[in-house]
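# Descriptive analysis of the structure
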Amino acid sequence: MVMEKVFHFDSPREVYRADACVITCFDARFDLAVRKFLKRRGVATFDQVKIPGGVKPLAAPECDADRDFVLRMVRTSMRLHGSERVLIVAHRECGAYADAPIEVVTADAVRAAEFLRASEPRLAVECYFADFDGIYGIG
Ligand SMILES: [Zn+2]
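These remarks concern the structure in this document. What you are looking at is a predicted structure, and each value in this text was computed from that prediction instead of being measured. (Residues numbered from 1 in each chain as written. Predicted model: local features only at pLDDT ≥ 70, side-chain atom pairs only at ≥ 80, totals over all residues. Heavy atoms only, no water.)

So, on to the overall build of the chain. Per the secondary structure count, the chain includes four helices and five strands. Scanning the chain from its N terminus toward the C terminus, one meets helices and strands in the order β-α-β-α-α-β-α-β-β. Computed over its C-alpha atoms, the radius of gyration of the chain comes to 16 Å, within 12% of the 14 Å expected for a compact globule of 139 residues. Structurally, the chain occupies a C-alpha span of about 50 × 35 × 30 Å along its principal axes. Taking all 139 residues of the chain together, 42% fall into the buried category. Sequence separation of at least 24 residues holds for 79% of the intrachain contacts in the chain that already meet a minimum separation of 6. With the model as given, the accessible surface of the chain reaches about 8800 Å², and the carbon-plus-sulfur share is 54%. (Helix = DSSP H or I, 4+ residues; strand = E, 2+ residues; numbered from the N terminus. Rg over C-alpha atoms; globule rule 2.2 N^0.38 Å. Buried < 20%, exposed > 50% of the residue type's maximum accessible area, 1.4 Å probe, protein only. Contact = heavy atoms within 4.5 Å. Areas by Shrake-Rupley, 256 points an atom, 1.4 Å probe, with all protein chains shown as cover.)

In structure tokens:
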């Protein structure tokens with residue numbers, strides 16, 4: 001096997017401590033809003049778990065393996081980067097929810113948060129909803 005350098009960039013070597021683990025959908029339309037929002041909330045360094053449908057595998061998994069896989073990602077963030085906080089960001093027009101009403105999406109976010117709190121009681125879990133005009137807290 002041959003490995004050839006195709007791009008030069010100096011990345012930091014220090015292992016970091018994550019301010020949070022952030023779970024979002026991979027819908028790129030909300031990337032900038034989420035990043036700016038996180039900065040505003042004091043989350044500068046974070047582990048982002050990006051999954052189509054966001055926390056749907058935690059709240060309404062197609063199979064248990066999906067739920068376990070996402071939970072493992074969160075636990076890995078805790079173990080490797082000391083994450084003690086999880087921010088869940090659901091969003092408008094999520095392809096994973098087709099034409100489901102917004103209440104279904106936000107209810108899943110709340111259910112996912114409850115699942116994470118039950119699985120890892122020391123985690124602080126927050127729920128948000130990204131719309132085209134900003135980010136809303138789900139309480
Ligand atoms: Zn989505």
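The next subject is the pattern of salt bridges. Counted according to the given criterion, the structure contains nine salt bridges. A salt bridge links R29 to E93; the shortest N-O distance between them is 3.0 Å. In this pair, R29 sits in the loop between β1 (20–24) and α1 (31–40) while E93 sits in the loop between β3 (85–91) and α4 (102–119), placing the two residues 64 residues apart along the sequence. Here E93 falls in the exposed class, since its relative accessible area comes to 52%. Here R111 makes a salt bridge to D108, at a shortest N to O gap of 2.7 Å. Taken together, the positions of R111 and D108, both in helix α4 and three residues apart, correspond to about one turn of that helix. (Salt bridge = Lys/Arg side-chain N within 4 Å of Asp/Glu carboxyl O.)

Turning our attention to a nonpolar patch on the surface. Taken together, V6, F7 and F9 make up a surface patch of nonpolar side chains, about 430 Å² in accessible area. Take F7: it is sitting in the segment before β1. F7 gets classed as exposed once you look at its relative accessible area, which sits at 63%. (Patch = residues over 30% accessible without salt bridge, like charges linked within 9 Å, V, L, I, M, F, W, Y side chains within 5 Å.)

Next up on the list: the coordination of the zinc ion. At 2.0 to 2.2 Å from the zinc ion lie its protein donor atoms, namely C25 (SG), H91 (NE2) and C94 (SG). All donors to the zinc ion come from one chain, and their sequence spacing reads C-x65-H-x2-C. In this structure H91 comes out as buried when scored by relative accessible area, which is 5%. A relative accessible area of 5% means that C94 is categorised as buried. (Donors = N, O, S within 2.8 Å, 3.2 Å for Na, K, Ca; no water.)

Reading across the sheet, the five strands line up as β2-β1-β3-β4-β5 and stay open at both edges, with mixed pairing between neighbours. In this open sheet, the two edge strands, each paired with only one partner strand, are β2 (46–50) and β5 (134–137). Strand-to-strand twist in this sheet, taken as the mean axis angle between neighbours without regard to direction, amounts to 25°. The pairing of β3 with strand β4 (residues 124–131) spans seven bridges and is classified as parallel. Bridge assignment links V86 to a residue of β4, and that residue is V125. Strands β1, β3 and β4 of the sheet are contacted by α4, whose axis makes an angle of about 160° with β4. (Pairing = 2+ DSSP bridges. Axes fitted to C-alpha atoms, helices over the stretch in contact; angles between N-to-C directions.)

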